[in-house]
Amino acid sequence: MQVSDSGSGSPVQGRLPRQPLPAEPLPSGREESLPGDPHVSKPGVSEPNVSEPDVSEPDVSGPGVSGPGVSGPGVSGPLRGEPAESLPGAVGVNEAFWGEERPGWGERLRRWGRGRLAPRDPVRPMAWAREDLPGWARRHRWFLGVFGLGALLRLVTVLGYRPALWFPDSYTYVVTAMRPRPDLVRPAGYSMFLRLFEAFHSFALVVTVQHVLGLLAGVMVYVTVLRRGGRAWAAVLACAPVLLDAYQIELEHLLVSDSLFTFLLVAAVCLAMRRRLTARASAALGLLLAAATLTRTVGLPLIAVFALFLLAYGMRRAGAAAGTTAGTTAGTEGAARPSTVRPGRVVAAIVLPFLVTALVPVAAYAGWFYASHQRLGIIGSNGVFLYARTMSFADCAVMDPPADLAVLCDPRPPASRPVSQEYIWDAASPLVRLPGITFTKETDTLAGRFASLAIRSQPLDYLRTTLTELGRSFTPGRPVYPDADTYGYYRFPATVPPSPGRYPALVGKEFARRYEQGPLTVRISEPLAGWMRGYQRVAWLPGAALLAVLLVPPAAWTARRATAARRAPGAPEPEGWGLAWATAWALLLVPAATAQFDYRYTLPAVPLACLAAALAVTRPAASAAPMASRGRREGA
């Protein structure tokens, strides 16, 4: 069959013609065709005899190949209200891979414009708001109430503690922002975030933006649950901790990287689950993970977590595409033609863009770090922190270290030793007593060798202490840990907190004054500050509740498997929680294995754990069934 392509006018062998949209009537009642519209007959050119289905009533006259707006035997159009790429059997990673024709840019633009503008009146936006906005507000009234309360609490915090609250790490971030150079302890992602606002000379603006990022994280969780077919009550419960937790709000008011890191990670997980993954979406995921990694190094292992998820997703899609193509390429005589789907290309279209956009920025930063310090990596303190971690169990009598490593031994029994971080900052630490600064290349290498020997010599002790540190995330209360000073930084203060005594903080204060171009002393305004202190005493998520939330997805999955025989065939089944659940556990486990537990390390895992729980327990409503079924087919 030879048909003239409406886009170029040249004959195309073996392709169905593109079907145009019906012409819209003019005000006078006459119909007029646009120049170049395929509806207009040209002299001497015969049009193919293909019926034009109504756009609002797609023709689904027979099983076979999915194609919008085409009728005939063995050809069917999309179901009403659901895009063709979401139907069973639709392939759609890149249709060009297996030769299906896509609409021209002009036709696609017209379709997009009609779909976007038809339900609304672009000439009278206020009239549209009066008609539709009240109904939208009623449907989302519980979320709007929670969101409004979260915004109000953040406003009270901004007015009660001005310009911002400080943490010992804050000064190091400011130094790197004012003097761009890779830091040996922390990547420079958050410092570059601070540099974006340097022209405003206002730390109050910085923490206000961080509060906005916290609100946006709650919005993303809520929207993702709804888009995945969840009910509104589950979506509200999922976003409530990140919007209302007092410690989350206090952390956003601190000049630390955790708020930015949480936003980037929640955005990545929600992007992976809210839409059908394409090469562009995978590339965007990679950029978000790269930014998260350069904000906090715990993001680096998460690149592997996302890569495994995308690999499994691509393999499932390739298998579905191969099966669909094999079933729809049968010849008219009944002989099946060879499938044109290449599973390797389908998987590569999903995984490779992610790996490129995730690893290239990290590699570029590693090159900058090497040019500055002549060391490989993105930080120069991995060995030091792992050494401090192993000092919770390392026994030199068991390890039998060589002479150069024996200088790092602590003769005290592990039960009598201080917390791990003291081996990095305390002047009495064997590591700190070595010549030079703590994070020189030689010292970091020596500390890494000691930590490696301790783990190899005492693997069970390392596992036991790792589980102990992990278990601190799930304590019923909130005991003081790792020490009173660090614990105090996570509470709204009643008096002006003293300046940290570490040398980097003393140097960083001068750079902070240059950044602010004003005083750095925290101004506490009562009674607003007192309201937040009282709120913090009652409004926070206990560790035991976090553990319960994390156990909900596997428990719900087990219950569904147990009742699978009694469930009606085709009943909607919530899925898609695996990535959020795995990411939340990784955020809790990696610090416990490589450094030590800290309360601020648990907060980024909370919205992801709640998102996974909401998706696991919610049975989609009837109106959300198409979205839920599409999510199951895609496996996102």
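First, a word on what this report is: a plain description of the structure on this page. (Residues numbered from 1 in each chain as written. Predicted model: local features only at pLDDT ≥ 70, side-chain atom pairs only at ≥ 80, totals over all residues. Heavy atoms only, no water.)

### Brief notes about a nonpolar patch on the surface
And step 1. Among the surface-exposed residues, Leu 149, Leu 152, Leu 155 and Leu 159 lie close enough to one another that they form a single nonpolar patch of about 350 Å² accessible area.
And step 2. Its place among the elements puts Leu 149 in helix H3 (residues 141-160). (Patch = residues over 30% accessible without salt bridge, like charges linked within 9 Å, V, L, I, M, F, W, Y side chains within 5 Å. Areas by Shrake-Rupley, 256 points an atom, 1.4 Å probe, with all protein chains shown as cover. Salt bridge = Lys/Arg side-chain N within 4 Å of Asp/Glu carboxyl O. Helix = DSSP H or I, 4+ residues; strand = E, 2+ residues; numbered from the N terminus.)

### Digging into the packing of aromatic side chains
Aromatic ring pairs are reported here in terms of the distance separating the ring centres and the angle at which the planes meet.
And step 1. Scanning the entire structure with this criterion turns up 25 aromatic pairs.
And step 2. Plain terms: the ring middles of Tyr 173 and Tyr 190 are 5.0 Å apart, the flat faces sit at 75 degrees to each other, and that makes the pair edge-to-face. Of this pair, Tyr 173 sits in helix H4 (residues 168-178) while Tyr 190 sits in helix H5 (residues 189-196), and the two are 17 residues apart along the sequence. Taken individually, Tyr 173 and Tyr 190 each receive the classification buried, so the pair is uniform in this respect.
And step 3. Centre to centre, the rings of Trp 577 and Trp 581 are 5.8 Å apart; their planes meet at 85 degrees, and the pair counts as edge-to-face.
And step 4. Ring-pair connections join several aromatic residues into one group, and the members of that group are Trp 166, Tyr 171, Phe 203 and Tyr 515.
And step 5. A cation sits over an aromatic face here: Arg 472 above Tyr 481, 4.1 Å from the ring centre.
And step 6. The residue whose ring lies beneath Arg 478 is Tyr 599, and the NZ or CZ to ring-centre distance is 4.2 Å. (Phe/Tyr/Trp six-rings, centres within 6.5 Å; stacked < 30°, edge-to-face > 60°. Buried < 20%, exposed > 50% of the residue type's maximum accessible area, 1.4 Å probe, protein only. Lys NZ or Arg CZ within 6 Å of the ring centre and 35° of its normal.)

### Section: the packing of helix H13 (residues 382-390) against helix H17 (residues 441-457)
Think of two packed helices as two axes; the pair is described by the angle between the axes and how far apart they sit.
And step 1. Close contact between H13 and H17 brings their axes to 7 Å; oriented N to C, the two are set at 40 degrees. Comparing their axes, H17 and H13 come out oblique. Crossing of H13 against H17: the hand is left-handed. Along the contact surface, H13 presents Asn 382, Gly 383, Val 384, Leu 386, Tyr 387 and Thr 390, while H17 presents Asp 444, Ala 447, Gly 448, Phe 450, Ala 451, Ala 454 and Ile 455.
And step 2. A breakdown of the residues in the contact of H13 with H17 according to their chemical character gives 8 nonpolar, 4 polar and 1 charged. (Axes fitted to C-alpha atoms, helices over the stretch in contact; angles between N-to-C directions. Parallel < 35°, antiparallel > 145°, perpendicular 65-115°, else oblique. Left-handed = near helix turned anticlockwise from the far one by under 90°. Contact = heavy atoms within 4.5 Å. Nonpolar A, V, L, I, M, F, W, Y, C, P; charged D, E, K, R; others polar.)

### A few points about the state of the cysteines
And step 1. Summed over the entire model, instances satisfying the criterion amount to 1 disulfide.
And step 2. A sulfur-sulfur separation of 1.8 Å characterises the disulfide bridge that pairs Cys 396 with Cys 409. Its S-S torsion of about -100 degrees marks the bond between Cys 396 and Cys 409 as left-handed, since a negative value means left-handed. Residue Cys 396 is located in helix H14 (residues 396-399), and its partner Cys 409 is located in the loop between helix H15 (403-406) and helix H16 (422-425); the two are separated by 13 residues in the primary sequence.
And step 3. Just so you know, Cys 610 is unpaired, no disulfide at all, and the nearest cysteine sulfur is the one on Cys 239, 9.2 Å from it.
And step 4. Assessed through its relative accessible area of 8%, Cys 610 is described here as buried. (Disulfide = S-S within 2.5 Å.)

### What about the nonpolar core?
A general trend in soluble globular proteins is that nonpolar side chains are found buried together.
And step 1. Core analysis: the biggest nonpolar cluster contains 120 residues, and Trp 166, Val 174, Phe 203, Leu 285, Phe 354 and Leu 611 have the highest contact counts within it.
And step 2. Looking at which element gives the most residues to this core, the answer is helix H9 (residues 258-274), with 13 residues.
And step 3. Those residues in contact with Phe 203, other than ones at most four positions away along the chain, are Pro 163, Ala 164, Trp 166, Val 174, Leu 255, Ala 512, Tyr 515, Glu 516 and Leu 520.
And step 4. Membership of the second largest hydrophobic core comes to 26 residues, among which are Ile 424, Leu 453, Ala 454 and Tyr 462. (Core = buried A, V, L, I, M, F, W, Y, C linked by side-chain atoms within 4.5 Å.)

### Quick notes on the environment of Val 362
And step 1. Tracing the backbone through its elements, the reader meets Val 362 in helix H12 (residues 343-373).
And step 2. Placed 73 residues apart in sequence, Val 362 and Leu 289 show a C-alpha to C-alpha distance of 9.6 Å.

### A look at the environment of Tyr 481
And step 1. Inspection of the secondary structure puts Tyr 481 in the loop between helix H18 (459-471) and helix H19 (484-488).
And step 2. Measuring from C-alpha to C-alpha, the distance between Tyr 481 and Asp 598 comes to 7.4 Å, with 117 residues separating the pair along the chain.
And step 3. Residues in contact with Tyr 481, not counting those within four places in the same chain, are Val 419, Glu 469, Arg 472, Tyr 487, Gln 596, Phe 597 and Tyr 599.
And step 4. A distance of 3.2 Å separates polar atoms of two side chains, one belonging to Tyr 481 and the other to Glu 469. (Polar contact = N/O pair within 3.5 Å; in protein donor to acceptor, adjacent residues only side chain to side chain.)

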